[in-house]
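Listed below are the residues making up each chain.
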Amino acid sequence: MKNLTDLEIKEALIRGDEEVTKEFFFKKCKGLFINVIHRVFKYEVDYSEFVNELYIHLMADDARRLRSFVGRSSIYTWLETVATFYFYNRKNHGRVIDNNSSMPLYVKPQSDTGSTERKNDAHIDVEALLAELPNQRYAYVLRRLIIEEAKPEAVADEMNIEVSNLYNIKKRALASITRLALEKR
């Protein structure tokens, strides 16, 4: 990403250039985004969730918002303004990410065919994986929804988020625990 102009960065993001996107959002903008998080939220917000939500916002409608950047200011100043207004608006309306999924958060198995011993072993393995997840918010969501079979509405209430956001957190949590389990093979 060396020596790219702001407009070149914009075009690379629109094209979906993975290298530029990662470096821009997770290195170049990290300090800026942390400042926005502290300014907007009075509680801990996962940096990756923040970036994912902002990225979805910028890229919606064929990257309509990102395309609106014309270079009258630096891309960093523009992005700080966009992020601040977007997250204040979302926070004030009690929403985090729209739910585009109709997939249920958890589908209870139809039959109970495993032995008690295998269930106990599986439970111990799952708890060990949950304990190793780098994001304990993900572990909490998986534990409450799947192991404890809590209602999504109750979990969302406990976390002070919308149920729709729970779908997104759960999706990322399952991806994270799957990666962790595959690494342990």
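In the block above lies the structure referred to throughout.
Let me sum up the structure you'll find in this document. Predicted model only: the values in this text are computed from it and were never measured. (Residues numbered from 1 in each chain as written. Predicted model: local features only at pLDDT ≥ 70, side-chain atom pairs only at ≥ 80, totals over all residues. Heavy atoms only, no water.)

## Observations concerning the overall build of the chain
Looking only at helices and strands, the chain has nine helices and zero strands in total. Beginning at the N terminus, the succession of helices and strands in the chain can be written as α-α-α-α-α-α-α-α-α. Residues counted as buried form 35% of the 185 residues belonging to the chain. Considering only intrachain contacts with a sequence separation of at least 6, the fraction spanning at least 24 residues in the chain is 62%. Carbon and sulfur atoms make up 51% of the accessible area of the chain, which amounts to about 11,700 Å² in all. (Helix = DSSP H or I, 4+ residues; strand = E, 2+ residues; numbered from the N terminus. Buried < 20%, exposed > 50% of the residue type's maximum accessible area, 1.4 Å probe, protein only. Contact = heavy atoms within 4.5 Å. Areas by Shrake-Rupley, 256 points an atom, 1.4 Å probe, with all protein chains shown as cover.)

## Side note on the packing of aromatic side chains
By the definition in use, this model includes 11 aromatic pairs. Measuring from ring centre to ring centre gives 4.3 Å for F50 and F87, while their planes differ by 20 degrees; the resulting arrangement is stacked. Of this pair, F50 sits in helix α4 (residues 47–67) while F87 sits in helix α5 (residues 75–92), placing them 37 residues apart in sequence. On the basis of relative accessibility, which here comes to 2%, the residue F50 falls in the buried class. A cation over a ring is seen here: K30 above Y47, with NZ or CZ 5.1 Å from the ring centre. (Phe/Tyr/Trp six-rings, centres within 6.5 Å; stacked < 30°, edge-to-face > 60°. Lys NZ or Arg CZ within 6 Å of the ring centre and 35° of its normal.)

## What about helix α1 (residues 6–15)?
Where α1 is concerned, the buried positions are I9, K10, A12, L13 and I14. Phi for G16, located one or two positions after α1, is positive at around 85 degrees.

## Examining the nonpolar core
In terms of nonpolar packing, the biggest core is built from 30 residues, with F33, F50 and L79 touching the most fellow members. For this core, the secondary-structure elements that each account for two or more residues are α1, α2 (18–28), α3 (30–40), α4 and α5. If near-sequence neighbours (up to four positions away) are discounted, F50 is found in contact with F33, V36, I37, F41, V45, A83 and F87. Counting residues in each nonpolar core, the second largest holds 18 residues, with A139, L142, L166 and L180 among its members. (Core = buried A, V, L, I, M, F, W, Y, C linked by side-chain atoms within 4.5 Å.)

## Points about the packing of helix α7 (residues 136–147) against helix α8 (residues 152–159)
With their axes 10 Å apart at the nearest point, α7 and α8 run at an angle of 150 degrees to one another. Of the possible angle classes, the one that applies to α7 and α8 is roughly antiparallel. Regarding α7 and α8, the two cross each other, and that crossing is right-handed. Seen from α7, the contacting residues are R137, Y140, V141, R144 and L145; seen from α8, they are P152, V155, E158 and M159. Each residue belonging to the contact of α7 with α8 can be placed in one class, and the counts come to six nonpolar, no polar and three charged. (Axes fitted to C-alpha atoms, helices over the stretch in contact; angles between N-to-C directions. Parallel < 35°, antiparallel > 145°, perpendicular 65-115°, else oblique. Left-handed = near helix turned anticlockwise from the far one by under 90°. Nonpolar A, V, L, I, M, F, W, Y, C, P; charged D, E, K, R; others polar.)

## Observations regarding the side chain of N168
Structurally, N168 is set in helix α9 (residues 163–183). In this structure N168 comes out as buried when scored by relative accessible area, which is 16%. A polar contact of 3.2 Å, which involves the side chain of N168, links it to the backbone oxygen of S164. (Polar contact = N/O pair within 3.5 Å; in protein donor to acceptor, adjacent residues only side chain to side chain.)

## Overview of unusual backbone geometry
It is generally the case that most residues other than glycine have a negative phi and that most peptide bonds are trans. One non-glycine residue, D62, lies in the positive phi region at around 60 degrees. Looking at the secondary structure, you find D62 in helix α4. By relative accessible area, D62 is classed as exposed at 60%. One non-glycine residue, E149, lies in the positive phi region at around 55 degrees. Examined against the element boundaries, E149 turns out to sit in the loop between α7 and α8.

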